[in-house]
Amino acid sequence: MPTEVPEHCPGVESENAGKASACAGCPNQTVCSSGEANQPDPGIQLVKDRLSQVENKILILSGKGGVGKSTVTALLSRSIANVDSEKNVAVLDIDICGPSQPRVLGVQDEQVHQSGSGWSPVFVEDNLSVMSIGFLLGSPDDAVIWRGPKKNGMIRQFLSEVDWGNLDYLLIDTPPGTSDEHLSAVTYLSQANLTGAIVVTTPQEVALLDVRKEIDFCFKVKIKVLGVVENMSTFVCPTCQKSSEIFPASTGGAQKMCEELGVPYLGSLPLDPRIARCCDEGKDFLTVLADSKALKASKDIVAKLLQACKDVAN
Ligand SMILES: Nc1ncnc2c1ncn2[C@@H]1O[C@H](COP(=O)(O)OP(=O)(O)OP(=O)(O)O)[C@@H](O)[C@H]1O
């Protein structure tokens, strides 16, 4: 569809597409009258073929920015990879304007290589790999200022041209909200057997308001919500051990929202300065957080998530 749709546009699926009087002067008239506009995007089949060896494909979504979606993606991917060294896990960072996975996973100085079979992802561990536009930028400070169609093309390339090999879990880190990137990802994954989505929020009502919209988006585009993760739920002071709620759950938090909306609640992660440090320094959460409440919480979330994936597969 062109941005300036004629007032009486018959629609690309109509027999009159490109032929009605309203079509005169429309920039899409030639494409519509040739019937090309109504053809399915060939990228959908390419993505389906490429991802056929990926057992579980999981979108990580958040309504609001900054709630910890990328952190949760990295923490869960490391935890899943750690549960079973025989399972192969990967992270695909499609947050094109703010790709943070290379830094959070500690591989920001690595480079991706292209071979005859596609782009090779960067390996964080033997069974954990990552692909991000962050690897393709000249400098981490470079801004990516792209319009929708260019973002769409890059997401199609990411989904269809990365040579993941056999994968058990692919976690797809998306930008916040429901933007062009989400619609592109959902379109390309529509035939590729998407397992479902994890939705990340904080307990604060402003975050929950947006996350309700995100869950509604999932319902509308028929993505299964595997569960909601509440991040930064409590803060335990490392000095006095007193527990405080930095983002108070004035409306009952994520658990109550999940009950209301009928979606699973996967659990909550505390606000822990060591998590922030791991993200900044690319250190392994599992080592730095050993024996912490945060790591225990992450393991519980992973156990529920893996069960949810099994349930979808059966
Ligand atoms: N549980 C936590 N404890 C401490 N710090 C955290 C926690 N979760 C996230 N952070 C920190 O909060 C900041 C935002 O996290 P992150 O970048 O993961 O959010 P995001 O939702 O992916 O953001 P964006 O919407 O911009 O992509 C980061 O600095 C991260 O280190």
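Residues numbered from 1 in each chain as written. Predicted model: local features only at pLDDT ≥ 70, side-chain atom pairs only at ≥ 80, totals over all residues. Heavy atoms only, no water.

## Focus: the nonpolar core
Filter applied, for reference: Here, nonpolar core means buried Ala, Val, Leu, Ile, Met, Phe, Trp, Tyr and Cys residues that are tied together by side-chain atoms lying within 4.5 Å of each other. We call a residue buried when its accessible area falls under 20% of the maximum for its residue type, exposed when it is over 50%, and partly exposed in between, using a 1.4 Å probe and counting protein chains only. Runs of E in the DSSP output that reach at least two residues are strands. Runs of H or I that reach at least four are helices, and both are numbered from the N terminus. For this analysis, residues touch if any pair of their heavy atoms sits within 4.5 Å.
Within the largest apolar cluster, 85 residues are counted, with the highest numbers of intra-cluster contacts made by Leu 92, Leu 159, Trp 164, Leu 170, Leu 189 and Phe 285. Broken down by element, the residue count for this core peaks at 9 residues, all from helix H11 (residues 293-313). Look past the residues within four positions of Leu 92 in its chain and what remains in contact with it is Met 131, Phe 158, Leu 159, Trp 164, Leu 170, Leu 171, Ile 172 and Asp 173.

## Comments concerning the packing of helix H2 (residues 42-50) against helix H6 (residues 180-189)
Any two packed helices are characterised by the angle at which their axes cross and by the distance between the axes. Selection criterion: Axes here refer to lines fitted to C-alpha atoms; in helices the fit is confined to the stretch in contact. Angles between the N-to-C directions go from 0 to 180 degrees. The scheme is simple: roughly parallel for angles under 35 degrees, roughly antiparallel for over 145, roughly perpendicular for 65 to 115, oblique for anything else. Nonpolar residues are Ala, Val, Leu, Ile, Met, Phe, Trp, Tyr, Cys and Pro. Charged residues are Asp, Glu, Lys and Arg, and all others, Gly as well, are polar.
Axis separation between H2 and H6 bottoms out at 8 Å; the angle between their running directions is 70 degrees. In this view, H2 runs roughly perpendicular relative to H6, as classed from their interaxial angle. Taking contact as the criterion, the partners of Gly 43, Ile 44 and Val 47 in H2 are, on H6, Thr 187, Tyr 188 and Leu 189. Of the residues that constitute the contact of H2 with H6, the class distribution is 4 nonpolar, 2 polar and no charged.

## A look at the UniProt feature "binding site: [4Fe-4S] cluster 2" (unreviewed entry) in the protein chain
As a reminder of what qualifies: UniProt positions are given in the numbering used here, feature names are shortened, and annotations may be inferred rather than shown by experiment.
In this numbering, the UniProt entry assigns the feature "binding site: [4Fe-4S] cluster 2" (unreviewed entry) to Cys 237 and Cys 240. Topologically, Cys 237 is positioned in the loop between strand S9 (225-236) and strand S10 (243-244). Relative to the helices and strands, Cys 240 resides in the loop between S9 and S10.

## Digging into the environment of Ile 96
Structurally, Ile 96 is set in the loop between strand S2 (89-93) and helix H4 (101-104). Along the primary structure Ile 96 and Lys 151 are separated by 55 residues, whereas in three dimensions their C-alpha atoms are 7.3 Å apart.

## Let's talk about the site of the ligand
Put simply, the test is: Any residue with a non-hydrogen atom lying within 4 Å of a molecule or strand is treated as near it. N or O atoms closer than or at 3.5 Å make up a polar contact, with two conditions inside protein: a donor-capable atom paired with an acceptor-capable one, and, for residues adjacent in sequence, both atoms drawn from side chains. Exposure was quantified through the Shrake-Rupley algorithm and a 1.4 Å probe, taking into account, for residues, occlusion by the shown protein chains and nothing else.
In the neighbourhood of the ligand, 17 residues make up the surrounding shell, with Lys 69, Ser 70, Thr 71, Asn 231 and Pro 270 lying closest. Within the contact set of the ligand, a nitrogen atom lies 2.9 Å away from a side-chain nitrogen or oxygen of Asn 231. About the coverage of the ligand: the protein hides 76% of its 630 Å² of free accessible area. Breaking the shell around the ligand down by element, the ones donating at least two residues are helix H3 (69-83), S9, strand S11 (265-271) and helix H9 (273-281).

## Digging into the pairing of S2
The criterion, for reference: Between any two strands, pairing holds if DSSP finds at least two bridges.
The buried count for S2 comes to 5 of 5 residues, which makes it a mostly enclosed element. Of the two faces of S2, the one carrying Val 89, Val 91 and Asp 93 and the one carrying Ala 90 and Leu 92 are both buried. Inspection of the sheet shows S2 paired to strand S6 (residues 128-132) by 5 bridges, in the parallel sense. Paired with Asp 93 across the two strands is Ser 132, which belongs to S6.

## So, the side chain of Ser 77
Residue placement: Ser 77 occurs in helix H3. What makes Ser 77 buried here is its relative accessible area of 0%. At a separation of 2.8 Å, a polar atom in the side chain of Ser 77 contacts the main-chain carbonyl oxygen of Ala 74. Leaving out residues up to four positions away in the same chain, Ser 77 has contacts with Val 89, Val 91, Leu 105, Leu 128 and Leu 171.

## So, the environment of Ala 276
Here Ala 276 shows up in helix H9. Measuring from C-alpha to C-alpha, the distance between Ala 276 and Val 104 comes to 9.4 Å, with 172 residues separating the pair along the chain.

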